[in-house]
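Residues per chain are reported as follows:
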Amino acid sequence: MISKKMESMVANSSAIRAMFEEGNRLAKIYGAENVFDFSLGNPNVPAPESVKKAIVEVLNEEDPVALHGYTNSNAGYEDVRQAVAGSLNSRFGTNFTVHNITMTVGAAGGLNVILKALLDPGDEVIVFAPYFGEYRSYVSNYDGVIVEISPNTENFQPKLDEFEKKITPKTRAVIVNTPNNPTGVVYSEEIIKKMAYIMENKQDEYGTDIYLISDEPYRELAYDGIEVPYLTKYYANTVVGYSYSKSLSLPGERIGYLVIPDEAADSGNLISAANVATRILGFVNAPTLQQRVVKACLNEKTDISFYDRNRETLYNGLRELGFDCIRPEGAFYMFVKSPAADEKAFCAAAKKYNILLVPGSSFGCPGYVRIAYCVAYETIVNSLPKFKELAAEYK
């Protein structure tokens, strides 16, 4: 018999993954070309050629026993961490060293590591709806409590007035995700500065440390010259979690890192705790081959022009059909207002046309649906006539 906690988690298993599996089922019936699966944020753009080259070179040049063995530190290879720190310093004017970097099993692994290091049972973690639904499980893993800030459906920037009211002496962390999944919105520098000011004042008021956890798998996917603020520059108690899943199209390789700056409260113990958490959560260390590969590819990025073309075509096409959606500034998601009050009913209606969408309630924002446009361009183009038929149902 499974645990009570897992009973709840199984019952509320990811709607995104369930819809993806439904897409595979429909593809077997109707043919993949006739199913418009917008459920999963799985990059369809291949990794840069330099990644393949780096894999081959690492395999040919490294001692295989050492390459596939444990790293000396749970934080990862020292030279890889130093290279990551140097890259960040050159890009963002920071002053990180090898000491500040912990290589992780993707961004999800990194979030679990830092939450394990920070949370005691009953500690509160604030999230801004809409937010990545797995945050609920990650916080629950360590008996923390999720506190939601309701969505600002005008522009999907965080509601700072509500945020200020919901910070309590039990608030241990705040998670932000920008560019955002599911909206594609980039939080403005003005918003980040105000958020930092509020947290600093609340720390002084309660005599506590409140950590800002910046979840950044989509940092490199920003369009139209949009700048994504680097949050350690605005708030001392910031921890950054990064993944190469999207920037290098390597979601299945599970490689990323945490940045824990020296300026963060109790940084020495927090860094040590993150390294221990990496071990006791069963990760032990981030994948060794992929650590070597990303070191060789720190200046490489996926060609996001493919996503940008999808973004423009889908956004313009849906707007012409009368759908209400915010224009994404980053990531590869579009958040569309459901023409039905119950967005789950709308998702069910869309499935009649082999269009697979994810309900906004999965992200703490009912009344909307998420479209992941990291698909073939032909899928976007061929889906629009089906969206037109769907729209006709609601006119």
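Below, the structure is looked at part by part.

### So, a nonpolar patch on the surface
- A surface patch of nonpolar side chains, amounting to about 270 Å² of accessible area, comprises Ile2, Met6 and Val10.
- With respect to the helices and strands, Val10 occurs in helix 1 (residues 4-11).

### Thoughts on the sheet that holds strand 8 (residues 256-259)
- Strands sit in the order 2-8-7-6-5-3-4 across an open sheet of 7 strands; the sheet is mixed. Bordering the open sheet on either side are strand 2 (101-104) and strand 4 (145-149), each of which pairs with just one other strand. Going from strand to strand, the sheet's axes swing by 20° on average, the running direction of each strand aside.
- When strand 7 (residues 238-243) meets strand 8, the two strands line up antiparallel, connected through 4 bridges. What sits directly across from Tyr242, in strand 8, is Tyr257.
- Contacts between helix 5 (residues 78-92) and the sheet are confined to strand 2 and strand 8, with strand 2 contributing the most and set at about 115° to the helix.

### Section: the environment of Ile210
- You can see Ile210 is positioned in the loop between helix 9 (189-206) and strand 6 (211-215).
- Residues contacting Ile210, with those up to four places away along its chain left out, are Ile167, Thr171, Arg172, Val174, Met199, Lys202, Gln203, Tyr235 and Asn237.

### Digging into the packing of aromatic side chains
- Taken as a whole, this structure holds 20 aromatic pairs when the rule is applied.
- Ring geometry for Phe92 against Tyr230: centres 4.3 Å apart, planes inclined by 10°, an arrangement best described as stacked. Here Phe92 is found in helix 5, whereas its partner Tyr230 is found in the loop between strand 6 and strand 7, with 138 residues between them in sequence. An identical accessibility class is assigned to Phe92 and Tyr230; each is buried.
- When the ring of Tyr242 is compared with that of Tyr244, the centres are 5.1 Å apart and the planes differ by 80°; the resulting orientation is edge-to-face.
- Overall, Tyr242 belongs to the buried group, its relative accessible area being 5%.
- Members of the aromatic cluster, each reached through a chain of ring pairs, are Phe38, Phe323, Phe346, Phe387 and Tyr394.
- When the ring centre of Tyr315 is taken as reference, the NZ or CZ atom of Arg327 above it lies at 5.5 Å.

### Details of the state of the cysteines
- Inspection of every chain in the model, using the stated rule, returns 0 disulfides.
- This cysteine, Cys325, is not joined by any disulfide, and Cys365 carries the nearest cysteine sulfur, 14 Å off.
- When its relative accessible area of 5% is taken as the criterion, Cys325 is described as buried.
- Sulfur of Cys347: no disulfide; nearest cysteine sulfur belongs to Cys365 and is 13 Å away.

### Description of the sheet that holds strand 12 (residues 368-372)
- On the basis of which strands lie adjacent, the open sheet formed by 3 strands has the order 9-12-11 and antiparallel pairing. Both outer strands of the open sheet, strand 9 (333-337) and strand 11 (358-359), are each paired with one neighbouring strand and no more.
- Relative to strand 12, strand 9 runs antiparallel, the two sharing 5 bridges. In the sheet register, Met334 faces strand 12, and the bridge partner there is Ile371.
- Along the sheet, helix 12 (residues 305-320) contacts strand 9 and strand 12; its crossing angle with strand 9, the most-contacted strand, is approximately 5°.

### Regarding helix 10 (residues 267-280)
- Over its 14 residues, helix 10 extends 20 Å from the first C-alpha to the last, a length consistent with the 20 Å expected when each residue adds 1.5 Å.
- Buried-residue contacts for helix 10 involve strand 2, helix 6 (106-118), strand 6 and strand 7.
- One or two residues past the end of helix 10 sits Gly282, with phi positive at roughly 95°.

### A closer look at the pairing of strand 12
- Within strand 12, 5 of the 5 residues are buried, which leaves the element mostly enclosed by the surrounding structure.
- The two faces of strand 12 match: Tyr368, Arg370 and Ala372 on one face and Val369 and Ile371 on the other face are all buried.
- Bridge analysis of strand 11 against strand 12 gives 2 bridges, and the strand direction is antiparallel. Among the inter-strand pairings, Val358 is bridged to a residue of strand 12, identified as Arg370.

### Describing helix 13 (residues 343-351)
- Every buried residue belonging to helix 13 is among Glu343, Phe346, Cys347, Ala349 and Ala350, and all of these are buried. Projected onto a plane normal to the axis of helix 13, the buried residues spread over an arc of 160° and lie on a single side.
- Where the residues of helix 13 are buried, they touch strand 10 (355-356), strand 11, strand 12 and helix 14 (377-393).
- The residue sitting at the N-terminus of helix 13 and contributing the capping side-chain oxygen is Asp342; that oxygen lies 3.0 Å from the backbone nitrogen of Lys344.

Rules used in this analysis
Residues numbered from 1 in each chain as written. Predicted model: local features only at pLDDT ≥ 70, side-chain atom pairs only at ≥ 80, totals over all residues. Heavy atoms only, no water. Patch = residues over 30% accessible without salt bridge, like charges linked within 9 Å, V, L, I, M, F, W, Y side chains within 5 Å. Areas by Shrake-Rupley, 256 points an atom, 1.4 Å probe, with all protein chains shown as cover. Salt bridge = Lys/Arg side-chain N within 4 Å of Asp/Glu carboxyl O. Helix = DSSP H or I, 4+ residues; strand = E, 2+ residues; numbered from the N terminus. Pairing = 2+ DSSP bridges. Axes fitted to C-alpha atoms, helices over the stretch in contact; angles between N-to-C directions. Contact = heavy atoms within 4.5 Å. Phe/Tyr/Trp six-rings, centres within 6.5 Å; stacked < 30°, edge-to-face > 60°. Buried < 20%, exposed > 50% of the residue type's maximum accessible area, 1.4 Å probe, protein only. Lys NZ or Arg CZ within 6 Å of the ring centre and 35° of its normal. Disulfide = S-S within 2.5 Å. Expected span 1.5 Å × (residues − 1). Arc of directions from axis to C-beta. Polar contact = N/O pair within 3.5 Å; in protein donor to acceptor, adjacent residues only side chain to side chain.

None of the figures reported here should be taken as evidence of function without further support.
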